[in-house]
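Summary of structural features
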Amino acid sequence: MKMNIGNCEVLLDYPIANLEKLIGEKRAVIITDSNVRKYHENKFPKAPVIEIGQGEEIKTLKTLEQIYEKMLNLELDRASVVIGIGGGIVCDIAGFVASTYCRGMKLILVPTTLLAQVDAGIGGKNGVNFKGYKNIIGTFRQPDAVLVDTSLLETLDLEEMKCGYAEVVKHAAIADEKAFENLENCDDLFSVSNLKDIVPKCAAVKVNVVIADEHEHGERMKLNFGHTIGHAVEKILKLPHGQAVAIGMVAEGKIAVQRGLLGEKEMSRLENLLEKIGLGTKAKMDAKEVVDAIRHDKKRRDESLKMPLLCGIGNAKIVEVSLEEMERVINDLY
Ligand code: GLY
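As the structure is a prediction and not an experimental result, all values here were calculated from the model. (Residues numbered from 1 in each chain as written. Predicted model: local features only at pLDDT ≥ 70, side-chain atom pairs only at ≥ 80, totals over all residues. Heavy atoms only, no water.)

**Quick notes on the overall build of the protein**
Selection criterion: Numbering goes from the N terminus for both helices and strands, where a helix is a DSSP run of H or I of at least four residues and a strand is a run of E of at least two. In what follows, residue pairs with any heavy atoms lying within 4.5 Å of each other are defined as contacts. Here, Shrake-Rupley sampling with a 1.4 Å probe gives the accessible areas, and only protein chains in the shown set may cover a residue. Note that His is not counted, nor are the chain ends; the positive residues are Lys and Arg, and the negative ones are Asp and Glu. Here the site of a charge means NZ on Lys, CZ on Arg, CG on Asp, or CD on Glu.
Of the regular secondary structure elements, the protein holds 13 helices and 11 strands. Seen along its three principal axes, the alpha-carbon backbone of the protein occupies a region of about 60 × 45 × 35 Å. Nonlocal contacts in the protein, meaning residues at least 24 apart in sequence, comprise 71% of its contacts between residues at least 6 apart. With the model as given, the accessible surface of the protein reaches about 14500 Å², and the carbon-plus-sulfur share is 49%. Charged side chains in the protein number 44 positive and 50 negative. The centres of these two groups are separated by 3 Å.

The following block contains the structure:
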C-alpha cells in the first residue's frame, strides 16, 4: 500500500531492498544506531554509515554536531540524500539533520521499531532535547519517502514490541474502532505475520491525521492521547515510553469517564486490551508531582491545557482540562 503526505511517499509494507531504487544515482549517507546496524547492516544499501548511540540521552545538539562534522568530511551537499534507518530516535535525528544541513537535503526514513513504523517515522516531526525539554529544538519536515518493512520487526525484543503497541492502541482508540476490535480479537499480537496486517492499517491512521493537520493546530493533537500524563509518568517513574503512555491513556480515559464522554464499558475495553498486550495500566504516583511535571513539560504557567479525550472507542476530541481536575482524577485512581 502506498500513501502520500504531500510529496512524501509512505510505502507501507515494502521490502527494504527497494531503497536502492529510491536512492537512484544520488550520493547518500546512512544514519543508524549500533543495534540496528548489528541486525540489519546486511540489508543496507551501499553508502557510508554514521552510527549514533542509543537512548533518549543522545538526542542532543552535541550528537548533531558530530554528525554534521562527518557529513562535511564526506563532502555531502544539498543534492545528497540522508537515510535514517532505526527507531524513533534515529528518525528524529536524521530528520533534523536532513532539515538543516545545507539548508535541507533529501530524506528517506526506514523505521525499524513498531513505534517508529506506526508513529515516529511518519509525519515529519523531528528534533532533539535541550535543557531538559523534550524535542524543544526541531522542525516539521516531511521526508521524501518513508519505507515501512514489517519483516524488520522480527529482531525486536518483546518489551520493545509491547511499548510499540501502546501507540498502535492509541491510534485505534482515537480514530478506528474496527482496528481496535481487531486487536481485541487477535490471538497473537506479536507474530510478524499478524503485524504485517496490523502495521499498515495503523500507520494509515497516522498518515490521515497528518494529512488533515500537518502542523498540529487541531486534529493532530489527538495523537497526544495518553501522552500528557504519560510523559510526566515517564519522567518521574523512569518507565519506558510505551509503558508510561499506557498508564497515561488509562488516566486520561478516566478523566473522559468522569466527564461523561466515555462509558465505563469502553474504559474497561481500553484497560483490558492494554493488559492483554502486557502493558501496565496503573502505577503508584503522587498526583501533585505528576501535575508539576506536566506544567514543566508544557513550559507554561497556565492552569489548564488543551488535550485529547476519548469520546468512545475510535473517537476523540480536543478539550480544555484544568490541572486541578487532572490532579483530582489521578488522586482518585491510586
Ligand atoms: N507522535 C505524535 C505526532 O507525530 O504528532
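**Examining the pairing of strand S8 (residues 133–137)**
Inclusion rule: Think of it this way: DSSP has to see at least two bridges between two strands before they count as a pair.
Pairing analysis gives two bridges linking strand S7 (residues 128–130) to S8, with the strands arranged antiparallel. Directly across from Phe 130, in S8, lies its bridge partner Tyr 133.

**Quick word on the side chain of His 171**
As a reminder of what qualifies: Between buried and exposed lies partly exposed: a residue is buried under 20% and exposed over 50% of the maximum accessible area for its type, with that area taken using a 1.4 Å probe on protein chains only. Between N or O atoms, a polar contact is any pair within 3.5 Å; within protein, one atom must be a potential hydrogen donor and the other a potential acceptor, and residues adjacent in sequence are included only when both atoms are from side chains.
The residue His 171 is located in helix H6 (residues 158–175) in this model. Overall, His 171 belongs to the buried group, its relative accessible area being 0%. Looking at His 171, its side chain comes within polar contact range of the main-chain oxygen of Cys 202, at 3.4 Å. Not counting chain neighbours up to four residues away, the residues in contact with His 171 comprise Val 118, Asp 119, Asp 176, Cys 202, Val 205, Lys 206 and Leu 223.

**Some remarks on the nonpolar core**
What counts here: We call a set of buried Ala, Val, Leu, Ile, Met, Phe, Trp, Tyr and Cys residues a nonpolar core when their side-chain atoms join them within 4.5 Å.
With 76 residues, the main nonpolar core has Leu 114 and Met 326 as its most contacted residues. Counting residues per element, this core draws most heavily on helix H10 (residues 241–258), at 10 residues. Excluding anything up to four places from it in sequence, Met 326 contacts Thr 228, Ile 229, Ile 255, Val 291, Ile 294, Leu 305, Met 307 and Val 321. Met 71, Ile 93, Val 97 and Met 105 belong to the second-largest nonpolar core, a separate cluster that totals 22 residues.

**Brief notes about the pattern of salt bridges**
This is how it is decided: We define a salt bridge as a side-chain nitrogen of Lys or Arg found within 4 Å of a carboxyl oxygen belonging to Asp or Glu.
Scanning the entire structure with this criterion turns up 25 salt bridges. The residue Glu 41 makes a salt bridge to Arg 37 at a minimum N-O spacing of 3.2 Å. One salt bridge in this structure joins Arg 141 and Asp 144, with 3.6 Å as the shortest N-O distance. Take Arg 141: its relative accessible area is 19%, and that puts it in the buried class. Here the salt bridges do not stand alone but share partners, grouping Glu 56, Lys 59, Asp 92, Lys 134 and Glu 234 into one network.

**Regarding the pairing of strand S4 (residues 49–52)**
Counted only if it meets this: Classification remark: right-handed applies to a crossover when, strands pointing away from the viewer, the course from the first strand over the helix to the second runs clockwise.
The alternating pattern of S4 places Ile 50 and Ile 52 on a buried face, while none of Val 49 and Glu 51, on the opposite face, is buried. With four bridges connecting them, strand S3 (residues 28–33) and S4 associate as parallel partners. Residue pairing in the sheet places Thr 32 in a bridge with Glu 51 of S4. The parallel pair S3 and S4, bridged by helix H2 (residues 34–40), forms a crossover whose chirality is right-handed.

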